[in-house]
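Inside the fold
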Amino acid sequence: MKVFGEIEGVDVGSVFASRQELGRAGVHAPPMAGISGNPKEGADSIVVSGGYEDDKDYGDFIIYTGQGGNDPNTKKQIADQELTRGNMGLVVSYNRGLPVRVIRGFGPNLNRTYQYDGLYSVERWWADTGRSGFRIFRYTLRKLDPLSNTIPQGDITIPEGTSEPPRIETKTVRIIRDTAVSEATKAIHNYTCQTCSTRLERPGGAYAEGAHIQPLGRPHNGPDTSDNILCLCPNCHVLFDGWAFSIADDGSLMGQLQGKITEHRKHQINRKYLAYHREHYLKAK
Ligand SMILES: [Zn+2]
């Protein structure tokens, strides 16, 4: 069973002389693979070492490529990647908000050292065409701030019927960044979901979320403008960000949702952002 979160006795910044040492310490178990993960449990750790031509490491923010389909010698992609094994493991960690240990490799291939650099959360995942023309899965990971972004969860791995104290785990909640533009967009729709027409009423005001169609931030760089925002209920927002459905240019829903989005004359959706989402939705299938 995988251990998520910090490993007792291993401080951030700890250095390991080899993959074997990393494995023995329980920081990253697989001897070769960059992702320690599976579709059932999720992914508990990754090694970032520039093995993929499309990887980008900004320190607290990482754009990481899934596993498979690359030639270890040339580092070039020679086949499509599949949404299985560790690749699906990282999607499960995204879905469940599980923390991922990040280890960075330094030095030449045969004499590489490894440093444990702390916990990250999978912020988004998507399918893309890599530089070499093959399908790759990509993930953005953001370093967890232990003070503000996380809530302790004591009940994740407690086996049934034991009296052992629960391991304290770190789990990220979905962070919704609401901007003035998305607030105005939601008001136009009276906080009613544009895809399923749900309106969540509660004392103090209805609740909806502004969903960016082309995601904000690197590497998507979608704009924070109302023509790139949908007013969605949280359920539809999760499905939309997780590539469960997309939207055709005429507003028809494709994938897990049926019907058509509700549009408002005061809120124009730019079709080029819908095309961006659709392209990644189709690639992820
Ligand atoms: Zn909805």
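Here's what I pulled together on the structure shown here. (Residues numbered from 1 in each chain as written. Predicted model: local features only at pLDDT ≥ 70, side-chain atom pairs only at ≥ 80, totals over all residues. Heavy atoms only, no water.)

**Structural notes on the overall build of the chain**
- Along the backbone of the chain there are five helices and 14 strands.
- Here the chain has roughly 14200 Å² of accessible surface; of this, 52% comes from carbon and sulfur atoms. (Helix = DSSP H or I, 4+ residues; strand = E, 2+ residues; numbered from the N terminus. Areas by Shrake-Rupley, 256 points an atom, 1.4 Å probe, with all protein chains shown as cover.)

**Quick look at the coordination of the zinc ion**
- Protein coordination of the zinc ion is provided by Cys-193 (SG), Cys-196 (SG), Cys-233 (SG) and Cys-236 (SG), with donor distances spanning 2.3 Å.
- Considering all four donor atoms around the zinc ion, the spread of angles at the metal, 104 to 115 degrees, places the coordination shape in the tetrahedral class.
- On the primary sequence, the residues serving as donors to the zinc ion are separated as C-x2-C-x36-C-x2-C. Here Cys-196 is found in the loop between helix 3 (180–188) and strand 11 (209–212), whereas its partner Cys-233 is found in the loop between strand 12 (229–232) and helix 4 (234–241), with 37 residues between them in sequence.
- Given a relative accessible area of 34%, Cys-196 falls into the partly exposed group.
- Take Cys-233: its relative accessible area is 6%, and that puts it in the buried class. (Donors = N, O, S within 2.8 Å, 3.2 Å for Na, K, Ca; no water. Tetrahedral: all angles 85-135°; square planar, octahedral: opposite > 155°, others 65-115°. Buried < 20%, exposed > 50% of the residue type's maximum accessible area, 1.4 Å probe, protein only.)

**Some words on helix 3**
- Among the residues making up helix 3, those that are buried are Ser-182, Thr-185 and Lys-186. Looking straight down helix 3, one finds that the buried residues subtend no more than 100 degrees of arc, so they occupy a single side.
- Check the buried side of helix 3 and you find it contacts strand 11 and strand 12.
- One or two steps after helix 3, the chain reaches Asn-190, where phi turns positive at roughly 55 degrees. (Arc of directions from axis to C-beta. Contact = heavy atoms within 4.5 Å.)

**Overview of the side chain of Thr-65**
- One can find Thr-65 in strand 5 (residues 61–65).
- Apart from the residues within four sequence positions on either side, Thr-65 is in contact with Tyr-52, Asp-54, Asp-55, Gln-81, Ile-136 and Phe-137.

**Quick notes on the nonpolar core**
- Ile-46, Tyr-64, Leu-90, Trp-125, Tyr-139 and Leu-141 are the most contacted members of the largest nonpolar core, which totals 24 residues.
- For this core, the secondary structure elements donating two or more residues are strand 3 (42–48), strand 5, helix 2 (85–96), strand 6 (99–106), strand 7 (113–129), strand 8 (135–143) and helix 5 (271–284).
- In terms of residue count, strand 7 provides more of this core than any other element does, five residues in total.
- If you look at the next biggest cluster of nonpolar residues, it comprises 16 residues, including Cys-233, Cys-236, Leu-253 and Ile-269. (Core = buried A, V, L, I, M, F, W, Y, C linked by side-chain atoms within 4.5 Å.)

**A few points about helix 5**
- Its 14 residues place the ends of helix 5 20 Å apart at the C-alpha level, agreeing with the 20 Å of an ideal helix rising 1.5 Å per residue.
- Within helix 5, burial applies to Tyr-273, Leu-274, His-277, Arg-278, His-280, Tyr-281, Lys-283 and Ala-284.
- Buried positions along helix 5 lie against strand 7, strand 8, helix 4, strand 13 (245–247) and strand 14 (253–255). (Expected span 1.5 Å × (residues − 1).)

**Some details on the pairing of strand 8**
- Burial runs high along strand 8: seven of the nine residues are buried.
- Taken together, the five bridges between strand 5 and strand 8 define a ladder with antiparallel strand orientation. If you follow Tyr-64 over to strand 8, its bridge partner there is Tyr-139.
- Note: strand 7 against strand 8, nine bridges, orientation antiparallel. The residue bridging Ala-127 from the neighbouring strand is Phe-137, located in strand 8. (Pairing = 2+ DSSP bridges.)

**Some points on unusual backbone geometry**
- A cis amide bond, omega -5 degrees, links Arg-218 with the succeeding residue Pro-219.
- Residue Asn-190 is not a glycine yet carries a positive backbone phi of 55 degrees.
- Checked against the element boundaries, Asn-190 lands in the loop between helix 3 and strand 11.
- Phi at Ser-197 is positive, roughly 65 degrees, even though this residue is not glycine.
- Since its relative accessible area comes to 47%, Ser-197 is described here as partly exposed.

**Quick word on the packing of aromatic side chains**
- For the structure on display, the rule yields three aromatic pairs.
- Geometrically, the ring pair formed by Trp-125 and Phe-137 is tilted, given 6.4 Å between the ring centres and 45 degrees between the ring planes. Taken together, the residues Trp-125 in strand 7 and Phe-137 in strand 8 connect sequence positions twelve residues apart.
- Overall, the relative accessible area of 5% leaves Trp-125 in the buried class.
- If you follow Arg-218 out to its NZ or CZ, it ends over the ring of Tyr-58, 3.8 Å from the centre. (Phe/Tyr/Trp six-rings, centres within 6.5 Å; stacked < 30°, edge-to-face > 60°. Lys NZ or Arg CZ within 6 Å of the ring centre and 35° of its normal.)

**Things to note about the side chain of Gln-81**
- By the element assignment, Gln-81 lies in the loop between strand 5 and helix 2.
- Its relative accessible area of 1% is what places Gln-81 among the buried residues.
- From its side chain, Gln-81 meets the backbone oxygen of Gly-66 in a polar contact 2.8 Å long. (Polar contact = N/O pair within 3.5 Å; in protein donor to acceptor, adjacent residues only side chain to side chain.)

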